[in-house]
Amino acid sequence: MSRKRAYRSKMRILADMMRAIQSEGEEGAGPTKILYAANLSHDRLTQYLDELVEKELVKEAGDGESNRVYHLTEKGRDFLREFVKMEKFSEAFGIDI
Amino acid sequence: MQAEAIALIRLDLLFESISGVIAMIIAFYATKAYNLTEQKRLSDLSTGFLVLSIGMFSHVIGTWYFYVRLGLEVPIPELATTMTVVTLTYHFLQIMAYLLFVLSTRRGGRVKQPEMAMLMALPILIDVDLELITIFVMLVVVLQALLNYALVRSRFALYVLGGFFLIFLSHIFLITAEENVFRYLVSQALQLLGFLTLLLMVYKVGRME
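Because the structure is predicted, anything quoted here is derived from the model rather than measured.

Asker: What should I look at first to understand the interface of chain A and chain B in this one?
Answerer: The accessible area lost on association of the parts is a frequent measure of interface size. Counting residues at the interface gives 20 residues for chain A and 29 residues for chain B. Summing the contributions of chain A and of chain B, the shared interface buries around 2300 Å²; its carbon and sulfur component is 73%. The tally of links from chain A across to chain B stands at 1 salt bridge. Put simply, E82(A) and K32(B) hold a salt bridge, and the shortest N to O gap is 3.2 Å. Between the two partners, chain A and chain B, sit 5 residue pairs in polar contact (both at pLDDT 80 or more). The class makeup of the residues in the side of chain A that touches chain B is 11 nonpolar, 3 polar and 6 charged.

This is how it looks when you write it as structure tokens:
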């Protein structure tokens, strides 16, 4: 039986983006990788990446559009760890976030 | 005989107090999850556990005051009426809490406000035994938890199913207890076990790396 997720909250999208960045490890993730992994449009990706950088959850590195990569900050790692716990807690009660 | 009865009541109150504290811990955790994820259903779940713990504590305080502090078999009718009000309030809050569980853990779209208000008014609208309503609502909660476990197959969902099932079972024992003190205590012990199972889930989630 598969679960259909009709709606993703903004927090969930941000967490999906951060998960995509984390999965790339030390090298960091480029915008295209994040875009595909988090299943986002380009406009949304830019908007949310700016928000993540502004909140200091993610840091930008590399010069130029093509070389730009993103890394999780310590604050970002803490946020993601906490988010995963809350995700499991909610899932246990049948609540999608 | 009276000392023995008071000892049993104290044990009952201890079970209920621990369950109340656990309900509060879960409410706190659900609020924390709500603040992080902004999922409204988590707020409803938190309110449910909070209402439940308030009900439990009011029952504990009422029972302790009337049966332990003032002594058993108080011959003043006014006090008996007050105790009945305390018990009814407890049942009412319990049903409110379980309805909030039904609404917050149900799959599909969010419940509309009028529908929610209708469900919350159920104990007032239907003039039947409150304990029967409690059992019926709790059965829905258990079935939803079972459906959720069948879908997600996670050990955390299994803990929730186990916890809710034990609480449901405690109501079955309670309705069949009547004058049987032992069955009543088993019912309270089952309720405590149910809350401990839910607490174990929260603990295991908190220890996740």
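Asker: What's the story with the side chain of H71(A) in this structure? I'm lost.
Answerer: Residues and elements named next belong to chain A. The residue H71 is located in strand β2 (residues 69-72) in this model. Residue classification places H71 among the buried residues on the basis of a relative accessible area of 17%. At 3.4 Å, the side chain of H71 and the backbone oxygen of E26 are in polar contact. Not counting the four nearest positions on each side in its chain, H71 is found in contact with I21, G25, E26, E27, G28, L57, V58, K59 and A61.

Asker: What exactly am I supposed to notice about the environment of L50(B) here?
Answerer: Residue and element names in this part refer to chain B. Within the secondary structure, L50 sits in helix α2 (residues 40-69). You can call L50 partly exposed: its relative accessible area is 36%. When the C-alpha positions of L50 and F66 are compared, they lie 24 Å apart, and in sequence the two are 16 residues distant. Not counting residues up to four positions away in its chain, the partners in contact with L50 are M24 and A27.

Asker: Can you help me understand the nonpolar core in this one?
Answerer: As a rule of thumb, soluble globular proteins bury nonpolar side chains together. Counting 73 residues, the largest nonpolar core has M17(A), F89(A), F93(A), F49(B), F164(B), F195(B) and M201(B) as the members making the most contacts within it. If you tally residues by element for this core, the top one is helix α3 (residues 77-105) of chain B, at 9 residues. Filtering out sequence-adjacent residues up to four positions away, M17(A) remains in contact with I34(A), A38(A), L40(A), L45(A), Y48(A), L49(A) and L52(A). Ranked by size, the runner-up nonpolar core spans 5 residues in total, among them I6(B), L13(B), V60(B) and V68(B).

Asker: Help me understand the environment of L99(B), please; the structure alone is not making it clear to me.
Answerer: Residue and element names in this part refer to chain B. One can find L99 in helix α3. L99 gets classed as buried once you look at its relative accessible area, which sits at 3%. Along the primary structure L99 and K204 are separated by 105 residues, whereas in three dimensions their C-alpha atoms are 26 Å apart.

Asker: Got a minute to help me understand the confidence of the model for chain B in this structure?
Answerer: All names here are of chain B. Taken residue by residue, chain B gives an average pLDDT of 85. The fraction at 70 or more is 85%. Averaged pLDDT values over the elements of chain B bottom out at 50 in helix α5 (residues 122-125) and peak at 94 in helix α7 (residues 155-177). Across the assembled chains, the prediction reports ipTM 0.85 with pTM 0.85.

Asker: Mind showing me how you'd approach the pattern of salt bridges here?
Answerer: Side-chain pairs of opposite charge can arise where the charged atoms are in close proximity. All names here are of chain A. Evaluation of the coordinates by the stated rule reveals 12 salt bridges over all chains. Between E87 and R19 there is a salt bridge, with its nearest N and O atoms 3.1 Å apart. Highlighted residues: E87 in helix α5 (residues 74-92) and R19 in helix α1 (residues 10-23), separated in sequence by 68 residues. Accessibility expressed as a relative area gives 26% for R19, which makes it partly exposed. Salt bridges sharing partners connect three or more residues here, namely R12, D16, R19 and E87.

Asker: So what exactly am I meant to see when it comes to the packing of aromatic side chains here?
Answerer: Between two aromatic rings, the relevant description is the distance of the centres plus the angle of the planes. Residue and element names in this part refer to chain B. Inspection of every chain in the model, using the stated rule, returns 9 aromatic pairs over all chains. When the centroid spacing of 6.0 Å and the interplanar angle of 35° are considered together, the rings of Y98 and F101 count as tilted. Residue Y98 and its partner F101 are both found in helix α3; the two are separated by 3 residues, about one turn of the helix. Of the two residues examined, Y98 and F101, each falls in the buried class. For the pair F165 and F168, a centre-to-centre distance of 6.4 Å together with 40° between the ring planes defines the contact as tilted.

What counts as what
Residues numbered from 1 in each chain as written. Chains lettered and ligands numbered in written order. Predicted model: local features only at pLDDT ≥ 70, side-chain atom pairs only at ≥ 80, totals over all residues. Heavy atoms only, no water. Contact = heavy atoms within 4.5 Å. Buried area = accessible area lost by both parts, 1.4 Å probe. Salt bridge = Lys/Arg side-chain N within 4 Å of Asp/Glu carboxyl O. Polar contact = N/O pair within 3.5 Å; in protein donor to acceptor, adjacent residues only side chain to side chain. Nonpolar A, V, L, I, M, F, W, Y, C, P; charged D, E, K, R; others polar. Helix = DSSP H or I, 4+ residues; strand = E, 2+ residues; numbered from the N terminus. Buried < 20%, exposed > 50% of the residue type's maximum accessible area, 1.4 Å probe, protein only. Core = buried A, V, L, I, M, F, W, Y, C linked by side-chain atoms within 4.5 Å. pLDDT = per-residue confidence, 0-100. Phe/Tyr/Trp six-rings, centres within 6.5 Å; stacked < 30°, edge-to-face > 60°.

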